[in-house]
Amino acid sequence: MISRVRVWLNRTYAENVFFMDQLRKNPSDRAVEIHATHGDADSPVLAAADTADLEPEGLSPAGYVEYALDQCQRRGIDVFVPRLHQSAIVAHRAEFEAVGTALLAPPPEAVAVFEDKVIAYEAVQAIGVPVPPWFRVRSADELVAAVEELEADGHKACFKPASGAGGVGFRVITRAPFSLVHLNGFPSPYVPLDVVVEALRQADEAVDWLVMPRLEQPEVSVDCLTGPDNRLRLAVGRTKNGRRRGFTLHEQWLEPARLIAEGFGLHYLSNIQFRMFGDRPVLMDVNTRPAGGLHQLSLCGVNAPWAAVQLALGEDPGEMVPPFLGQDYTVVSGPRPLRAVSLPQQREASEPLPAVPAPAMAEPVVVEAAASVLPL
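Residues numbered from 1 in each chain as written. Predicted model: local features only at pLDDT ≥ 70, side-chain atom pairs only at ≥ 80, totals over all residues. Heavy atoms only, no water.

K.L.:
I keep staring at the overall build of the protein chain and nothing clicks. Help me out?
P.N.:
Scanning the protein chain from terminus to terminus reveals 11 helices and 18 strands. Seen through its C-alpha atoms, the protein chain measures out along the principal axes to roughly 65 × 45 × 40 Å. Expressed as a percentage of the 376 residues in the protein chain, the buried residues total 51%. Partitioning the contacts of the protein chain with sequence separation of at least 6, the portion at a separation of at least 24 is 67%. About 17,200 Å² of surface is accessible on the protein chain, with carbon and sulfur atoms providing 53% of the total. If the 33 positive side-chain charges of the protein chain are averaged to one point and the 47 negative ones to another, these points end up 4 Å apart. (Helix = DSSP H or I, 4+ residues; strand = E, 2+ residues; numbered from the N terminus. Buried < 20%, exposed > 50% of the residue type's maximum accessible area, 1.4 Å probe, protein only. Contact = heavy atoms within 4.5 Å. Areas by Shrake-Rupley, 256 points an atom, 1.4 Å probe, with all protein chains shown as cover. Lys, Arg positive; Asp, Glu negative; His and termini not counted. Charge placed at Lys NZ, Arg CZ, Asp CG, Glu CD.)

K.L.:
Hey, could you run me through helix H8 (residues 140–152) in this one?
P.N.:
One turn of the α-helix equals 3.6 residues, which is why residues spaced by three or four share an orientation. Between its terminal C-alpha atoms H8 stretches 18 Å, which fits the 18 Å expected from 13 residues at 1.5 Å a residue. When we look at burial in H8, the residues that qualify are Ala140, Leu143, Ala146, Val147 and Leu150. Looking down the long axis of H8, one finds its buried residues gathered within 130° of arc, a one-sided arrangement. For H8, the exposed residues lying more than 90 degrees away from the buried face are Asp141 and Ala152. Next to the buried residues of H8 lie strand E6 (135–137), strand E7 (157–161), strand E8 (171–174), helix H9 (193–202) and strand E10 (209–213). Two residues or fewer after H8 comes glycine 154, characterised by a positive phi angle close to 85°. (Expected span 1.5 Å × (residues − 1). Arc of directions from axis to C-beta.)

K.L.:
Would you mind showing me how to read the pattern of salt bridges here?
P.N.:
For the structure on display, the rule yields 26 salt bridges. Between aspartate 70 and arginine 74 there is a salt bridge, with the nearest N and O atoms lying 2.8 Å from each other. Within this pair, aspartate 70 and its partner arginine 74 are both found in helix H3 (residues 61–75), separated by 4 residues, close to a single helical turn. Accessibility expressed as a relative area gives 36% for aspartate 70, which makes it partly exposed. The salt bridge partner of aspartate 141 is arginine 201, with a shortest N-O separation of 2.9 Å. Of the two residues, aspartate 141 is situated in helix H8 and arginine 201 in helix H9; the sequence distance between them amounts to 60 residues. In this structure, aspartate 141 and arginine 201 share a single accessibility class: exposed. Shared partners join several salt bridges into a network, and the residues in it are Arg4, Arg6, Glu33 and Asp78. (Salt bridge = Lys/Arg side-chain N within 4 Å of Asp/Glu carboxyl O.)

K.L.:
Hey, could you run me through the confidence of the model for the protein chain in this one?
P.N.:
Detailed reading of the predicted coordinates is not advisable wherever pLDDT falls low. With 91% of its residues at a pLDDT of at least 70, the protein chain reaches an overall mean of 91. Contacts from residues 344–354, a stretch scored under 50 in pLDDT, to residues over four places away or in other chains number 27 contacts. Counted against residues more than four places away or in other chains, residues 356–369, with its pLDDT under 50, gives 35 contacts. (pLDDT = per-residue confidence, 0-100.)

K.L.:
Just to check I follow, could you spell out the packing of aromatic side chains for this structure?
P.N.:
Two aromatic rings, taken as a pair, are described by how far apart their centres are and by the angle between their planes. The final tally for this structure, using the stated rule, is 9 aromatic pairs. Ring centres of phenylalanine 80 and phenylalanine 96 lie 5.9 Å apart, and the angle between their planes is 45°; on these two criteria the pair is classed as tilted. Of this pair, phenylalanine 80 sits in strand E4 (residues 79–81) while phenylalanine 96 sits in helix H5 (residues 93–98), placing them 16 residues apart in sequence. Owing to a relative accessible area of 0%, phenylalanine 80 belongs among the buried residues under this scheme. On the numbers, 5.3 Å between centres and 25° between planes, the contact of phenylalanine 247 with tyrosine 329 is stacked. Remark: tyrosine 329 occurs in strand E16 (residues 329–339) and phenylalanine 247 occurs in strand E13 (residues 244–248); sequence separation between them is 82 residues. Taken together through their ring pairs, the aromatic side chains of Trp8, Tyr64, Tyr67, Phe80 and Phe96 make up a single cluster. For the cation-ring pair, arginine 83 lies above tyrosine 13, with the distance from its terminal atom to the ring centre recorded as 5.0 Å. (Phe/Tyr/Trp six-rings, centres within 6.5 Å; stacked < 30°, edge-to-face > 60°. Lys NZ or Arg CZ within 6 Å of the ring centre and 35° of its normal.)

K.L.:
Please clarify how the side chain of threonine 330 should be interpreted in this entry.
P.N.:
Checked against the element boundaries, threonine 330 lands in strand E16. Side-chain polar atoms of threonine 330 contact the backbone oxygen of arginine 243, separated by 3.3 Å. If we skip the residues at most four places from it in the chain, threonine 330 touches Arg243, Arg245, Ser372, Val373, Leu374 and Leu376. (Polar contact = N/O pair within 3.5 Å; in protein donor to acceptor, adjacent residues only side chain to side chain.)

K.L.:
Sorry, what's going on with the layout of surface pockets here?
P.N.:
Here the second largest pocket defines a volume of roughly 420 Å³. Here the lining of the second largest pocket is composed, by residue class, of 6 nonpolar, 6 polar and 5 charged. (1 Å grid on protein atoms, 1.4 Å probe; cavity = no way out; pocket = protein on both sides within 12 Å on 5 of 7 lines; lining within 4 Å. Points joined across faces, edges and corners; volume = space filled by probe spheres on them. Nonpolar A, V, L, I, M, F, W, Y, C, P; charged D, E, K, R; others polar.)

K.L.:
Even after reading the chapter, I still don't get empty space enclosed by the protein, so can you show me in this structure?
P.N.:
A water-sized probe, rolled over the atoms, reveals where empty space remains. Here the structure, examined in full by the defined rule, presents 2 cavities of 30 Å³ or more. Size it by volume and the largest cavity reaches roughly 70 Å³. Taken as a whole, the second largest cavity holds about 40 Å³ of empty space. For the second largest cavity, the full set of lining residues is Phe114, Lys117, Ala120, Tyr121, Leu283, Asp285 and Val286. Only helix H7 (117–126) and strand E15 (280–287) provide two or more residues apiece to the lining of the second largest cavity. Across the lining of the second largest cavity, the residue classes break down as 5 nonpolar, no polar and 2 charged.

Structure representation (structure tokens):
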């Protein structure tokens, strides 16, 4: 009898409830049990898991590694999909292997390259992947100089943190003065240059931003599955153009993604994002983890989460080609159940962690980040 597979997801995105669904509905008909941990007791991933724990707050990266090793050993984890403190965790791969846990994450060298967007851009340029013009800025004067140079070339400037994920901190620079226009309607990513400059000059600490031209649509996120042998098993592009989403296998997107995934050893699941600069695609970002929208590949008949778990277990699924490309679609939010009883949202590292049993169904709660897909 084939034993069940025990998978752990730590402090991950709400959308990964769909990642969990795909693991359970795997084409191998293998029993899968999912453990989840999070700092928020009302995270839908805790409710979707078979077992769950609240994570301690305030742990250093080294302290978190000790916590993670203990979780893996006590919970009998076969495959660990780390998001929080990924770089610290992958540096201890041998210790996780010693307790019987495979890490579904790239090696530390690959993670390190893409933690800093400046290092990443320099590295991918060296292997022939085009990137947009960019400036690293740490002060108000450097910001103004970068914006003026980009505007002189006819571009609209934007900035984002040199390290970070999920679009956090992304803003578009405008010359329009702050007015009621910025306060009407929904919050906008547009910020007046003079407001940003004043904030930088009054700040007690330096920033570390990447300033570049605002890139045009379509945005194409290429989901990649790469083996520990650095050979790509799967690459599918998910296109975004306004509300409309779709899929592509065009080589103008897949070839640079392949160069990055194989060239830097982005083992298991990664997500490589491109946008248009003029008439050519350029790299926007590289995520060394599964994308929140990875489950959308199910519309192409592909179960990428399960294929990645197979690879982590040493069961090579071989080269995967989608049997078809799904029709265009859009993303809408929907309800997901939460645990019936809410626990305190934060606990100090010194306090014992309460185990969370498999949840009883609570009243459905709308979780905006956990979005399902509808055809257009």
